[in-house]
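# Coordinate analysis (summary)
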Amino acid sequence: MDGKVSWTMPVLFELQDACFEYDGIPALRGLSLEIAQGERVALLGANGSGKSTLLRILDALHFASKGSVSFDGQRLTPELFQRDDYALAFRRRVALVFQNPDVQLFNPTVFDEVAFGPLQLQWPKETILSKVAEAMELMGVTHLRDRPPYRLSGGEKKRVALASVLVLDPDVLLLDEPTATLDPRSQSQVVDLIQEWKGSSKTVITATHQLEIVEDIADRVFVLEEGRVAATGIPPEILPNYELLLRANLVHAHRHSHGSVIHSHPHLHSHSKHEH
Amino acid sequence: MKRGFLESTFVGFARVVTRAMISEETARRRGLLQALDPRVRVVGLFSLVLAVTLSRKISVVVALLTVAVAIAILSRVSLFVLVKRVWLVVLGFTAVIAVPAIFVTPGDPVATFGFLTITEQGLRTAAMLILRVETAVTFTTLLILCTPWTHVLKALRAFRLPKEAIAMLAMTHRYVFLLVETASQMLESRRSRTVGILKPAAQRRMAARTAGVLLSKSIELSNEVYLAMQSRGFRGDIQILSDFRLDAWDYLGLTAFLLAGGLAVWMGR
Amino acid sequence: MHIPDGYLSPSTCAVLYAAAATGWYSALKRLKRMLLTRVVPLISVFAAFSFVVMMFNLPLPGGTTGHALGVTIATIVLGPSGGILAISIALVIQALFFGDGGISTLGANCFNMAIIGSLVAYGSYRMIAAGSSITSRRRVVSAAIAGYLAVNAAALVAAIEFGIQPMLFHDARGTPLYAPYPLSIAIPAMMIGHLTFAGLAEAVITAGVVAYLQAADPALLLSTSGLAGGESLTLRPASGSLRRLWIAVAALMLLTPLGILAAGTAWGEWSPSQLAKTGVVKVQVSKSANHPSPAAVPAGLQKLATLWTAPFPAYAPSFVRSRAFGYLLSAMFAVGFLLAASLFLHRFLPRRGRTEYSG
């Protein structure tokens, strides 16, 4: 239950008793875990369990107020991120897709959106143009190139958001509720994408409360509860553990009066509001 | 009964959306302005607006208005739309201001009605004001109709504005749409919960509350956007890719614009 | 209050562009120092908010409606620098996206509504609300008064810009080339509408939003409260640099006449002979009876005009002594005075929350 890695690959993220507060309100209360390179991990938790905060800590957008957070053996601190060289190298390796695509899509057109990351990394112009074209093609948004974000559907927005981080070819992909507000077809596209990364050395960490996608996107699950890791294990261990899921507020009691098969009641907490 | 707060505010919101639609539609037509690089359009039409304000002769302003109409026809902008949506509206606004000038401007009397005296100078200044405003607004409208906002933005990069300014204009415009949508939804849900016509005081409270909620949301949104920017490597310096190339037509167009503008200024001295 | 193209002469526009640019430059510089790298998203989203609020059509007492400018609430939440930039950007988008407000007059519109509006809103709000707690009733009243004053100050400056046009820019026969009304008409005509409707709309929305924030999100009111601990937006006023912004704008106003001269000559609009004629026209003007004579210009302003032209030595070019030039100078002086007064107020405001930005 302590989230240690039983994996042959080197440890990528290591958190020890990490704490974090928003304006004095605790979001993480001494969270410890290890995630190895190449792992596909699901962070399961209800709203307010701290999974979005954890993703932001992993992306070094917030820094632990107590405890430690390390990436690739390097402890992540605000001071470290004052250095352009380290910060840019980290941003290139680790990418976060926000839950709300309107937050992520802040550029005037799809092309500008996808080109934003490469421009910050100051790649040469030709490289930028070819990589952007590649990423748009990969996510099937090439035809939307000159569209402004307000003329995209929900699924299109999500795909553009993914293209805008995949263009950097990151080693680690952090996804915050990637399928939450999508229609079934777009959902399965996103799930397919995460599956396609299987076998490569890419690490995918997905925060979600949608139990039905967990088996498809994760080899290992962390259940979060009130800013701590409540349980960890492989999906077949965690998903049938009804008591655990109930305690973590991931299922409703009344839905379970008949049987205990998780897949029979999709979409348990369908409304995912942002956590803070 | 006048339209209430909700209705008239919705009309304003709808205008934002239609404006974007119209320009995207007009910009796709094959016409004179559409064939030119956005930078040429922006520089060219701005210089004609400048020429309008610089020339001191009515005849020259009329000539510029003719040029504006010609550009409109060549760019396949409907004259009907121009007359109805632009000229009549502007005439309404400007005439209110210009007409009294006919009587109060000192100068050579032309006719007297009781205590009111029309002066030649008054007539001329009123005509000048109306023509100037109409002509300048026509040029601006042509730019707006034939150029989607993203192209205007790209063109502004060529003006050597600070990169922050370009980035802020782009981002503001982008989030105007989101916030218009958010505000519409908030007002819409309030409307559905309201029976009958609200008293003005209640409408004011509703407006202030909506604005307050929107403000809180905006600050939160900006914090989130900032994180999203940082996550993708933003370090505080705006980086901009510009991939414009001017061809021979663009240079020709630019020369024509600047010549027309220069000529008007010289003729209208 | 959006001045369209054609109402102001190119040289006036150029001067006001320069004035606005100075304001933008110092505001941006100051914000970057306070907010480090988060200026762009914060100001952009806030500008979008202001843009949307400007579309609210408020019912006013007496059965009319009016649009707020949004500059006061922007200034209360973001501080004057943030208010200046957010409102300017909203105005630029209105001009370039909707065609509301001219292109040549964009500098003037930003100067009047964003810069003057923001500074007056800030000065009056800080002064009237000084020392009151975040949730006090006095803050709501201060917000209303600040909004009312800000819009009216902006309108007054616009009226002065209109009013100096016929004196300075007319053809050989006295036909005004731009806005046709002298100060004696332009000021009352502009002010009646703003003292009633537009000022009220701004007062209503600002007070309403401040009251809402007091209950729902009081942290957003901290940054300009003058109280300790204003850290919600990390927008704590770093006082010294604000004063520099104001001094810059005030100094610019005092230098404006030079700018007008330079710009005027550059545009080929003024020549000494034309300016010499100004006097002739004015004489003619005072003789005809069917219009307000220059005597109708507020006496104080006229005094200022003489005050300003007096110090010029006798060997100065004749146009410097012309009455029109005097009016221009006094108009600019009036604005400069406004700023200097705000500056003075600012100096003596309680500055307990004076902590520098950190983190």
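Analysis parameters
- Residues numbered from 1 in each chain as written.
- Chains lettered and ligands numbered in written order.
- Predicted model: local features only at pLDDT ≥ 70, side-chain atom pairs only at ≥ 80, totals over all residues.
- Helix = DSSP H or I, 4+ residues; strand = E, 2+ residues; numbered from the N terminus.
- Buried ≥ 20, exposed ≤ 12 C-beta atoms within 10 Å, placed from the backbone.
- Pairing = 2+ DSSP bridges.
- Contact = placed C-beta atoms within 7 Å.
- Axes fitted to C-alpha atoms, helices over the stretch in contact; angles between N-to-C directions.
- Nonpolar A, V, L, I, M, F, W, Y, C, P; charged D, E, K, R; others polar.
- Core = buried A, V, L, I, M, F, W, Y, C linked by C-beta atoms within 7 Å.
- Parallel < 35°, antiparallel > 145°, perpendicular 65-115°, else oblique.

This brings us to the overall build of chain C. On a plain count of helices and strands, chain C comes out with 10 helices and two strands. Secondary structure elements in chain C, listed N-terminal to C-terminal, are α-α-β-β-α-α-α-α-α-α-α-α.

Attention shifts here to the overall build of chain A. Assigned secondary structure in chain A consists of 10 helices and 10 strands. Going through the 276 residues of chain A one by one, you find that 47% of them count as buried.

Residue and element names in this part refer to chain A. Sheet topology note: the strand S9 (residues 220-225)/strand S10 (residues 228-233) ladder contains five bridges and is antiparallel. Directly across from Val221, in S10, lies its bridge partner Gly233. Between the antiparallel neighbours S9 and S10 lie two residues, among them Glu226 with a positive phi of about 50°.

Okay, the sheet that holds strand S5 (residues 74-75) of chain A next. Residue and element names in this part refer to chain A. Read from one edge of the open sheet, four strands run S2-S1-S4-S5, paired in antiparallel fashion. The open sheet is flanked by strand S2 (25-36) and S5, the only strands paired with a single partner. Relative to S2, strand S1 (residues 11-22) runs antiparallel, the two being bridged by nine bridges. Opposite Phe13, over in S2, you have Ile35 as the bridge partner. Of the strands in this sheet, S1, S2 and strand S4 (66-71) are in contact with helix H1 (residues 51-58), which crosses S2 at around 60°.

A separate point is the pairing of strand S2 (residues 116-119) of chain B. On any regular strand, side chains alternate: one points to one face of the sheet, the next to the other face. Residue and element names in this part refer to chain B. Every second residue of S2 is oriented toward a common face, the buried set being Thr117 and Thr119 and the non-buried set Leu116 and Ile118. In terms of strand pairing, strand S1 (residues 109-113) meets S2 through four bridges, oriented antiparallel. Paired with Pro109 across the strands is Thr119, a residue of S2. Once S1 ends, the chain turns through two residues before running back antiparallel as S2, passing Gly114 with a positive phi of about 60°.

With that settled, the discussion passes to unusual backbone geometry. All names here are of chain A. Residues other than glycine seldom take positive phi values, yet Ala60 does so here, at roughly 55°. With respect to the helices and strands, the residue Ala60 is situated in the loop between H1 and S4. Phi is positive for Asp169, close to 50°, though the residue is something other than glycine. Within the secondary structure, Asp169 is located in the loop between helix H6 (154-166) and strand S7 (172-176).

In this complex, chain A contributes 31 residues to the contact, which on the side of chain B involves 22 residues. Sorting the residues of the side of chain A that touches chain B by element identifies helix H2 (84-93), helix H3 (101-104), helix H4 (110-120) and helix H5 (125-138) of chain A as the ones contributing at least two each. Residues belonging to the side of chain A that touches chain B are distributed by class as follows: 17 nonpolar, six polar and eight charged.

Time to look at the interface of chain B and chain C. The extent of an interface is frequently quoted as the accessible surface area lost upon association of the parts. Between chain B and chain C, the residue contacts involve 68 residues of the former and 66 residues of the latter. Residue assignment for the side of chain B that touches chain C shows that the elements contributing at least two residues are helix H1 (5-28), helix H3 (38-54), helix H5 (79-104), helix H6 (120-146), helix H7 (149-157), helix H8 (163-193) and helix H9 (200-231) of chain B. Sorting elements by how many residues they give to the side of chain B that touches chain C places H9(B) first, with 19 residues. Tallied by class, the residues present in the side of chain B that touches chain C amount to 39 nonpolar, 19 polar and 10 charged.

All names here are of chain A. The strand order S6-S7-S8-S3-S9-S10 describes an open sheet built from six strands, whose pairing is mixed. On the outer flanks of this sheet lie strand S6 (94-97) and S10, each paired with one strand and no other. Neighbour to neighbour, the strand axes of the sheet diverge by 20° on average, direction disregarded.

Formed by 266 residues in total, the largest nonpolar core has its most connected members in Leu174(A), Leu142(B), Val52(C) and Ile205(C). Ranked by residues supplied to this core, first place goes to helix H5 (residues 137-168) of chain C with 21 residues.

Attention shifts here to the environment of Arg41(B). Residues and elements named next belong to chain B. Along the chain, the position of Arg41 falls in helix H3. Residue class for Arg41 comes out buried when judged on the 26 C-beta atoms lying within 10 Å of it. On a C-alpha basis, the gap between Arg41 and Leu254 in space is 7.9 Å, while along the polypeptide they are 213 residues apart. In this structure, Arg41 is in contact with Leu33, Leu36, Leu143, Cys146, Thr147 and Ala155, ignoring residues within four places of it in sequence.

Moving on: the packing of H1(B) against H6(B). Residue and element names in this part refer to chain B. In contact at an axis separation of 6 Å, H1 and H6 are set at 85° when each is read in the N-to-C sense. One way to sum up the angle between H1 and H6 is to call them roughly perpendicular. Contacts from Ile22, Ser23, Thr26 and Ala27 of H1 reach H6 at Ile144, Leu145 and Cys146. Within the contact of H1 with H6, the residues separate by chemical class into five nonpolar, two polar and no charged.

Turning to H1(A), a few remarks are in order. Residues and elements named next belong to chain A. Counting buried residues along H1, eight of its eight residues qualify, which places the element largely inside the surrounding structure. Buried within H1 we find Lys51, Ser52, Thr53, Leu54, Leu55, Arg56, Ile57 and Leu58. Ala60 sits one or two residues past H1 and shows a positive phi near 55°.

Moving on, we come to the packing of helix H3 (residues 71-98) of chain C against helix H4 (residues 106-129) of chain C. Each pair of packed helices gets described by two things: the angle between the helix axes and the distance between those axes. Residues and elements named next belong to chain C. Where H3 contacts H4, the two axes come as close as 9 Å, and the packing angle between them is 170°. Put simply, H3 runs roughly antiparallel to H4. Counted together, Val71, Thr72, Thr75, Ile76, Pro80, Gly83, Ile84, Ile87, Ser88, Leu91, Val92 and Ala95 of H3 and Leu106, Asn109, Cys110, Met113, Ala114, Ile115, Gly117, Ser118, Leu119, Ala121, Tyr122 and Tyr125 of H4 form the full contact between these two elements.

We now examine the environment of Ala90(C). Of note, Ala90(C) is situated in helix H3. When the 28 C-beta atoms within 10 Å are taken as the criterion, Ala90(C) is described as buried. Spatially, the C-alpha atom of Ala90(C) lies 5.3 Å from that of Ala47(C), the residues being 43 residues apart in sequence. Beyond its immediate chain neighbours, meaning those up to four positions away, Ala90(C) contacts Thr172(B), Ala47(C), Ser50(C), Phe51(C) and Met54(C).

That is the geometry; function is a separate question.
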